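# Summary of the model geometry
Listed below, chain by chain, are the residues.
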Amino acid sequence: MTTYRKPVSNTWWLERKQYFFFVIRELTSIFVAGYCLFLLFIISEISDGQEKYTLLILSLKSPISLVLHFISLPFILYHTITWFNLTPKIMKLQIGEEIISEKLIVGLVYISWGILSLIIFWLILGV
Amino acid sequence: MAKSNEPILWLLFSVGGMISAMLFPPLIIITGIIVPFGLEGETTYLFEKIHFLVKNPFVKLLLFFVIALPFFHWAHRFRFTLVDIGLKPISFLISTLCYGGAVAGSLLTLYTLLRI
């Protein structure tokens, strides 16, 4: 005997706002992979010397690059925020008897993000 | 209990997720706003600085993880999303393509870093 399973429509994620944002959150991963490829392109251009680097800077100023960056940034930020807000659900910290509050963990993650971002800016652009 | 690769894939997914969540926003701001709008000042100097940085073996090792692991993050999420939106019948093919893509991405990362 098999149990009856109600077939799930392929458009279930359009039926509710929460489902829609869940799928958007999952699809931010396309922008993550895309930016990985872009980073490889940048590294490859830089390792080819000064001339290629000058062309790289010009291509970063091109409308295509600007548009792609402006589309990617909100998706990547959505990934960042949803990811950080999930961390206390996955990472349960305890000191002795005391369970560390979820808010504290999220706070620490955001502070680490700020510090790491400053390090990145300093490493790449720093004086 | 049957042996499964899922814990390893999940670990790669979550470390890759954390790395991209932390580091990609500042990098996108640099490549998409600061550099194209010329807010960084002297570009020749910037080239020498970045070139010097990426030649360092320790930086290369870090960059390998910073780029390869987010590929696995993508593979894991994209795989489940495709299955969830109706491609369950070909889920094995999807897994192969997604994780295969992440492996290919890692090899490309390795190649790019080694030829600097």
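Scoring rules and cut-offs
- Residues numbered from 1 in each chain as written.
- Chains lettered and ligands numbered in written order.
- Predicted model: local features only at pLDDT ≥ 70, side-chain atom pairs only at ≥ 80, totals over all residues.
- Helix = DSSP H or I, 4+ residues; strand = E, 2+ residues; numbered from the N terminus.
- Rg over C-alpha atoms; globule rule 2.2 N^0.38 Å.
- Contact = placed C-beta atoms within 7 Å.
- Nonpolar A, V, L, I, M, F, W, Y, C, P; charged D, E, K, R; others polar.
- Core = buried A, V, L, I, M, F, W, Y, C linked by C-beta atoms within 7 Å.
- Buried ≥ 20, exposed ≤ 12 C-beta atoms within 10 Å, placed from the backbone.
- Expected span 1.5 Å × (residues − 1).
- Axes fitted to C-alpha atoms, helices over the stretch in contact; angles between N-to-C directions.
- Parallel < 35°, antiparallel > 145°, perpendicular 65-115°, else oblique.
- Left-handed = near helix turned anticlockwise from the far one by under 90°.
- Domains from an automatic or database assignment.

### Regarding the overall build of chain B
When you go through chain B residue by residue, the secondary structure sums to four helices and zero strands. Listed N to C, the secondary structure of chain B is α-α-α-α in terms of helices and strands. Computed over the C-alpha atoms, the radius of gyration of chain B is 18 Å, more than 25% above the 13 Å expected from 2.2 N^0.38 for a compact globule of 116 residues. Principal axes of the C-alpha set define a box for chain B whose edges measure 55 × 30 × 20 Å.

### Here we look at the interface of chain A and chain B
The interface of chain A with chain B comprises 43 residues on the first partner and 42 residues on the second. Those elements that provide at least two residues to the side of chain A that touches chain B are α1 (17-47), α2 (50-60), α3 (63-90) and α4 (102-125) of chain A. For the side of chain A that touches chain B, the element with the most residues is α1 of chain A, which contributes 16 residues. Residues belonging to the side of chain A that touches chain B are distributed by class as follows: 30 nonpolar, eleven polar and two charged.

### Comments concerning the nonpolar core
Val32 and Tyr35 of chain A together with Phe71 of chain B are the most contacted members of the largest nonpolar core, which has 38 residues in total. Every residue in contact with valine 32 of chain A, bar those within four places of it in the chain, is listed here: Ile76 and His79 of chain A together with Ser20, Phe24, Pro70, His73 and Trp74 of chain B.

### Notes on the environment of isoleucine 71 of chain A
Its location among the elements puts isoleucine 71 of chain A in helix α3. Measuring from C-alpha to C-alpha, the distance between isoleucine 71 of chain A and phenylalanine 31 of chain A comes to 9.1 Å, with 40 residues separating the pair along the chain.

### Here we look at the environment of lysine 92 of chain A
Structurally, the position occupied by lysine 92 of chain A is in the loop between α3 and β1 (94-95). Taking the C-alpha atoms as reference points, lysine 92 of chain A and isoleucine 105 of chain A, separated by 13 residues in sequence, lie 8.8 Å from one another.

### Here we look at α3 of chain A
Since the α-helix turns once every 3.6 residues, residues separated by three or four places project in the same direction. The terminal C-alpha atoms of α3 of chain A, which comprises 28 residues, lie 40 Å apart, in line with the 40 Å expected from a rise of 1.5 Å per residue. Turning to α3 of chain A, its buried residues are Ser72, Phe75, Ile76, His79, Thr80 and Phe84 of chain A. If you follow the buried residues of α3 of chain A, they end up packed against α1 and α4 of chain A together with α1 (6-34) of chain B.

### So, the packing of α1 of chain A against α2 of chain A
At a closest axis distance of 6 Å, the pairing of α1 of chain A and α2 of chain A adopts a crossing angle of 140°. Taking contact as the criterion, the partners of Ile42, Glu45 and Ile46 of chain A in α1 of chain A are, on α2 of chain A, Lys52, Tyr53 and Leu56 of chain A.

### Quick look at the packing of α4 of chain A against α1 of chain B
Here α4 of chain A crosses α1 of chain B at 40°, and the two axes come no closer than 9 Å. Considered as vectors, α4 of chain A and α1 of chain B are oriented oblique to each other. Classified by chirality, the crossing of α1 of chain B by α4 of chain A is right-handed. Between α4 of chain A and α1 of chain B, the contacting residues are Trp113, Leu116, Ser117, Ile120, Phe121, Ile124 and Leu125 of chain A on the first element and Met22, Leu23, Pro25, Pro26, Leu27, Ile30 and Ile34 of chain B on the second. Partitioned by chemical class, the residues of the contact of α4 of chain A with α1 of chain B number 13 nonpolar, one polar and no charged.

### Looking at the domain arrangement of chain A
Segmenting chain A into domains produces domain 1 (10-87) and domain 2 (91-127). Relative placement of domain 1 of chain A and domain 2 of chain A: their C-alpha centres are 23 Å apart.

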